[in-house]
Amino acid sequence: MPNHSPCRLSALGIVNALGVGAGEVWPRLLDGEPSRLVDRDDLAPERRLRVGAVDAPLPRIPERLAAYDCRNNAMALSAIEQIEEPLARALRERGAERVGVVMGTSTSGVSDAEEAIRHEFHAGRLAPKFDYAQLEFGGLASFVADYLGVRGPVYSLSTACSSGARALASARSLLALGVCDAVVAGAADTLCGLTASGFSALSAICEGTTNPCSRNRAGLSLGEGAAVFLVQPGHGGVQLLGVGESSEAHHMSAPEPSGAGPEASMRGALADAGLPPEAIAYLNLHGTGTPLNDKMECLAVERVFGSELPVSSTKPLVGHTLGASGAIEAAFCWLVLDRSEAGVLSLPPHWWDGERDPEIPPLHLVQKGESALLRSAPRVMTNSFGFGGNNCTLVLGRSL
Amino acid sequence: MRTARVLRWSAWAPGLETPEAWRAWVRAPAPLAPVGHPEARFLPAMLRRRCSPLTRIALTAAWGCVEEGQLGQVRTVFASRHGSVNESIEMIEQVVRRERLSPTQFSHTVHNAQAALYCMAAQNRQASCSLAARDDTFACGYLEALTHLEREPECLVLYVMADVQLAPRFAALVDEPESSYAVALLLGRAGDGPALRFDLDGTQRTPTPRWPHAGEFLRWLLSDEERLSLGRFHWARC
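What you see is a predicted model; the values in this text were computed from it and never measured. (Residues numbered from 1 in each chain as written. Chains lettered and ligands numbered in written order. Predicted model: local features only at pLDDT ≥ 70, side-chain atom pairs only at ≥ 80, totals over all residues.)

(A) Structural context of the overall build of chain A. Helix and strand content of chain A: 12 helices and 16 strands. What you see for chain A is a C-alpha radius of gyration of 20 Å, in line with the 21 Å of a compact globule of 400 residues. With the C-alpha coordinates aligned to their principal axes, the bounding extent of chain A is approximately 60 × 55 × 40 Å. In chain A, which comprises 400 residues, the proportion classed as buried is 65%. Put simply, of all contacts in chain A between residues at least 6 apart along the chain, 80% involve residues at least 24 apart. (Helix = DSSP H or I, 4+ residues; strand = E, 2+ residues; numbered from the N terminus. Rg over C-alpha atoms; globule rule 2.2 N^0.38 Å. Buried ≥ 20, exposed ≤ 12 C-beta atoms within 10 Å, placed from the backbone. Contact = placed C-beta atoms within 7 Å.)

Okay, here's the thing in structure tokens:
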């Protein structure tokens, strides 16, 4: 049995390279083609990078919130706008003081800070539209709260690439603590020169499209996007059933090669949900396509689940959206559950070149068109691992 | 459960480097010095070499707050409004000049760098979180620490709030006392230490003290005052 009260992810807003809104994202997720990634040569010096950019125009930040006017907040707003009606209803019914905001980000408004400093180099002062609220991590959650009129607790989590998953974990705990009756939780991250140059310097970015779990994998493809949920107490719909967390105590940028940290977070999430490994119908891998990540993650998955569980990395479709990836991949799991019909789960395929790595256990990588037949209520899992060895695993489920 | 006990505390600021110095400070609080950092000699040399002033300050307070045998056992929450932003700005300048970045500097400026280095130095494999919340960073970090007690009531949570003075380019854009400091609290559901109830009231605003919220919390913790309010956030002794 789960050791916590029921927690419902009751509305989803999502934006990434696959599109704006669940209606665009879901069919393209199942199509499983990385054709929406684009090549950009403006992000890192002397490099052309294939990235998952959001090409749709983003909403304008309202004039009254001009201090927050940056691309990362516009990305979050694109997701928020999709669920504005249920969010407004929650605020009306629960009261602004009883609603919280927890958002994950690893970039905040760095891309706009780059513009502001570029302007300073030419004009001698920061670009006039720049405000520190765009750059500081707390600015993302504050923007969301000020936009919606939320007056409960408001904070941004930033644990690199596990930030978005952690935001959902904290939202559930804020409900359990009785501090909030509803929480707006999710994450947003934006393509910028800093992360493109930084991951390039770490030799972590591949040429072309990331190729997770292949013997030819050579690194990640960057992406951008946002996913935001309304998190409320109670049964029904898609539930956040389990949270598992661990630290690796190993290295700032490289995972510990045995996969002990991810194994602990996956086992922790199962224990928190009160479920055996057999109850999980699908796992969305962290699956960055770096040589170290995929090997240690697959070793850990094989120890926890064996090799029959359907798994996929969706990063070839949207790029690695860094701090947003935990929320975006939780959103993909949410869509898998929400769109399930008559005991059949349609699963996001694993795009790769099909060349197995003899050093990686042969997991069941989901093929295009594949679905899972269910004998019990569907439960799925998603992994997120961040720099500094910060791991978070979530289990989502719904009743039949 | 919004009640937790403060089992231990520790703090560091330039010139306030011992518990006795902080006890004197809480009797006559004054603005903290803006610049300075400790050596943090307890850290292994390999790790210490790469530690920023913020990391040295945060981990010095952390180490002072946890008994050696428990360093690897506690869950950790690290809060910082600015985090590694001064180092990030240096890198942003390099990006704008189209220069190559140092991979080590890049990986050490994530917001969870202090948490990660703590876990490495303490060989701690427990859950860890890092956050920021503008003016409310201290209170929201405290609340995030409570969420970890909610997830695992038997555990202890080490909560560290730390910041350093912001680089001049942005300091003028931020209205707050410029200080370099860390305050660490060891929180648990049971044990020896004052039990505090935490509450949130969306309507009240209190004036900003001339020192960081974390310092004001410490002043209150060591006083005999019943209640503390920092903005919309309130603590009361049980």
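(B) Broad picture of the nonpolar core. Among the nonpolar cores identified, the biggest contains 220 residues, and A:Ala76, A:Leu168, A:Ala227, B:Ala61, B:Ala182 and B:Ala184 are the most heavily contacted of them. Counting residues per element, this core draws most heavily on helix α12 (residues 325-338) of chain A, at 10 residues. In contact with A:Ala76, not counting residues within four places along its chain, are A:Met103, A:Leu140, A:Phe143, A:Val144, A:Ala188, A:Ala226 and A:Val228. (Core = buried A, V, L, I, M, F, W, Y, C linked by C-beta atoms within 7 Å.)

(C) Seen up close, the pairing of strand β7 (residues 227-230) of chain B. Residues and elements named next belong to chain B. Strand direction decides the pairing type here: β7 and strand β8 (residues 233-237), joined by four bridges, are antiparallel. Residue pairing in the sheet places Leu 230 in a bridge with Phe 233 of β8. Here β7 folds back onto β8 in antiparallel fashion, the turn holding two residues, of which Gly 231 has a positive phi close to 60°. (Pairing = 2+ DSSP bridges.)

(D) Seen up close, helix α4 (residues 85-96) of chain B. Look at α4(B): 16 Å from first C-alpha to last across 12 residues, which is about the 16 Å you get at 1.5 Å a residue. Listed as buried for α4(B) are B:Val85, B:Ser88, B:Met91, B:Ile92 and B:Val95. Looking straight down α4(B), one finds its buried side chains confined to an arc of 115°; they lie on one side. For α4(B), the secondary structure elements touched by its buried residues are α4 (110-123), α5 (132-135) and α8 (193-201) of chain A together with α5 (103-107) of chain B. Of the residues trailing α4(B), B:Arg98 is marked for its positive phi of about 60°. (Expected span 1.5 Å × (residues − 1). Arc of directions from axis to C-beta.)

(E) Representation of unusual backbone geometry in the model. Here A:Ser203, not a glycine, exhibits a phi torsion of approximately 55°, which is positive. Among the secondary structure elements, A:Ser203 is positioned in the loop between α8 and β8 (225-233). Classification of A:Ser203 as exposed rests on a count of 12 C-beta atoms within 10 Å. One non-glycine residue, B:Ala40, lies in positive phi territory at about 60°. Along the chain, B:Ala40 turns up in the loop between α1 (19-27) and α2 (45-48). Taking the number of C-beta atoms within 10 Å as the measure of exposure, B:Ala40 has 21 and is therefore buried.

(F) Structural view of the interface of chain A and chain B. In this complex, chain A contributes 59 residues to the contact, which on the side of chain B involves 53 residues. Looking at the side of chain A that touches chain B, the elements that each hand over two or more residues are α4, α5, α6 (138-148), β6 (154-157), α7 (163-177), α8, β9 (238-247) and α9 (260-273) of chain A. The residue makeup of the side of chain A that touches chain B, split by class, is 27 nonpolar, 23 polar and nine charged. One ladder, built from two bridges, connects β6(A) with strand β3 (residues 128-132) of chain B; its direction is antiparallel. In the sheet register, A:Ser156 faces β3(B), and the bridge partner there is B:Ala132. (Nonpolar A, V, L, I, M, F, W, Y, C, P; charged D, E, K, R; others polar.)

(G) Broad picture of the environment of A:Ala249. In this fold, A:Ala249 is placed in the loop between β9 and α9. Separated by 95 residues in the primary sequence, A:Ala249 and A:Val154 place their C-alpha atoms 29 Å from one another. Those residues in contact with A:Ala249, other than ones at most four positions away along the chain, are A:Gly389, B:Cys119, B:Met120, B:Gln123, B:Asn124 and B:Arg125.

(H) Structural view of the packing of helix α3 (residues 53-65) of chain B against helix α6 (residues 113-122) of chain B. All names here are of chain B. One can describe the packing of α3 onto α6 by two numbers: an axis separation of 10 Å at closest approach and a directional angle of 50°. Between α3 and α6, the interaxial angle falls into the category oblique. Pair α3 / α6 crosses with right-handed handedness. Seen from α3, the contacting residues are Leu 54, Thr 55, Ala 58, Leu 59 and Ala 62; seen from α6, they are Ala 113, Gln 114, Leu 117, Tyr 118 and Ala 121. Counted by class, the contact of α3 with α6 contains eight nonpolar, two polar and no charged residues. (Axes fitted to C-alpha atoms, helices over the stretch in contact; angles between N-to-C directions. Parallel < 35°, antiparallel > 145°, perpendicular 65-115°, else oblique. Left-handed = near helix turned anticlockwise from the far one by under 90°.)

(I) How the structure looks around the environment of A:Ser265. All names here are of chain A. You can see Ser 265 is positioned in helix α9. Each C-alpha atom of the pair Ser 265 and Val 101 lies 24 Å from the other, and the pair is 164 residues apart in sequence. Not counting the four nearest positions on each side in its chain, Ser 265 is found in contact with Gly 244, Glu 245, Ser 246, Asn 391, Cys 392 and Thr 393.

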